[in-house]
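# Geometric and topological summary
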Amino acid sequence: MDENEWLAARFEQHRPRLRAVAYRMLGSPADADDAVQDAWLRLSRSDAEQIDNLGGWLTTVVARECLHMLRSRRRRREDPFAAHLPSLVVIPDGDLDPEQEALLADSVSLALLVVLDQLTPAERLAFVLHDMFELPFEEIAVIAGRTPVAARQLASRARRRVHGAAIPSPDPDLARQRRVVRAFYAAAWTGDFDALVQVLDPDVVLRTDFGTTRPPTVVRGAPAVAKQARAPRGGELRPVLVNGAIGTLITRDGRPFSVMAFTVAGDKIVRIDVVRDPDRVHRIRPGIRDTSGFPAS
């Protein structure tokens, strides 16, 4: 094994963690891959033998690149409806190949990503690195160009905002999630209002993202959300996992039209995120088979 192969092999050992850091920082799988690739390019041009802690060095490089990307994104953001959902990680709900399993392991709930996207770049950096990856504030301070005390304060502010958002913790059992979502669709197809209310948490939140064409809408409470629940006519429901949670891809004429992501806790649906942003939805691969077991249209 020559030196380049040896270095590449060592880098690959760290890639999963680096990508996990970058995705939580950026909320975009593509941007995360770019940040990780930048770390590899920098490593390949460096004197690796002089790096004592390769994992720490790579994490620092990726985190700094993510911070730069977040700041650039913030400066050029001109979208008046900028608080819309991050990029979607959509994979089939079924047997997964190794690449899809890696995406599932990396995924973070849409609800959490929405809150993270509202933090300042420095707050997001401090929260992700400390609260999610347990980096000490002394190391975070070097990356952020702050003192350790300031880094601690950044993480504290971010933590208050994240906890204040009361993000629900989904049931880890996908089979239970799936049963609840199927009951939701069964009631929606038949128009059974009482059955819909029964499957919804009393404080359920329905959030619909339209992209840059209009601001997102938010509906709260089981009765109000049940009134909004209509079976999609002229389309097909395809079972998917959306950022690790049970969801559906709705297609029309074989093309992706919208995505629904369900957060299920305690056998109730506590949150529904609907994405009808054409830019995001049209990037989803349409080859997801219709094998849901949901009521057919």
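Our subject is the structure that appears above.
Here the structure is a predicted model, which means the values were calculated and not measured. (Residues numbered from 1 in each chain as written. Predicted model: local features only at pLDDT ≥ 70, side-chain atom pairs only at ≥ 80, totals over all residues. Heavy atoms only, no water.)

## Brief notes about the side chain of Arg 19
As for its placement among the helices and strands, Arg 19 is situated in helix 1 (residues 3-26). Of the polar contacts made by the side chain of Arg 19, one reaches the side chain of Asp 33; its length is 2.7 Å. (Helix = DSSP H or I, 4+ residues; strand = E, 2+ residues; numbered from the N terminus. Polar contact = N/O pair within 3.5 Å; in protein donor to acceptor, adjacent residues only side chain to side chain.)

## A few points about the nonpolar core
In this structure, Met 25, Leu 43, Leu 125 and Leu 129 are the most contacted members of the largest nonpolar core, which totals 50 residues. Of all the secondary structure elements, the ones that give two or more residues to this core are helix 1, helix 2 (29-44), helix 3 (54-76), helix 5 (110-116), helix 6 (121-132), helix 7 (137-144) and helix 8 (148-164). Apart from residues no more than four positions distant in its own chain, Met 25 is found in contact with Ala 63, Cys 66, Leu 67, Leu 70, Arg 124, Leu 125 and Val 128. Among the nonpolar cores identified, the runner-up in size contains 28 residues, and Ile 91, Val 199, Leu 206 and Ile 272 belong to it. (Core = buried A, V, L, I, M, F, W, Y, C linked by side-chain atoms within 4.5 Å. Buried < 20%, exposed > 50% of the residue type's maximum accessible area, 1.4 Å probe, protein only. Contact = heavy atoms within 4.5 Å.)

## Concerning unusual backbone geometry
A positive phi angle, close to 50 degrees, is found at Asn 243, a residue other than glycine. Relative to the elements of secondary structure, Asn 243 occurs in the loop between strand 4 (236-242) and strand 5 (245-252). Residue Asn 243 is classed as buried on the basis of its relative accessible area, which comes to 4%. The phi dihedral of Asp 267 falls on the positive side, at around 60 degrees, and the residue is not glycine. Residue Asp 267 is classed as partly exposed on the basis of its relative accessible area, which comes to 40%.

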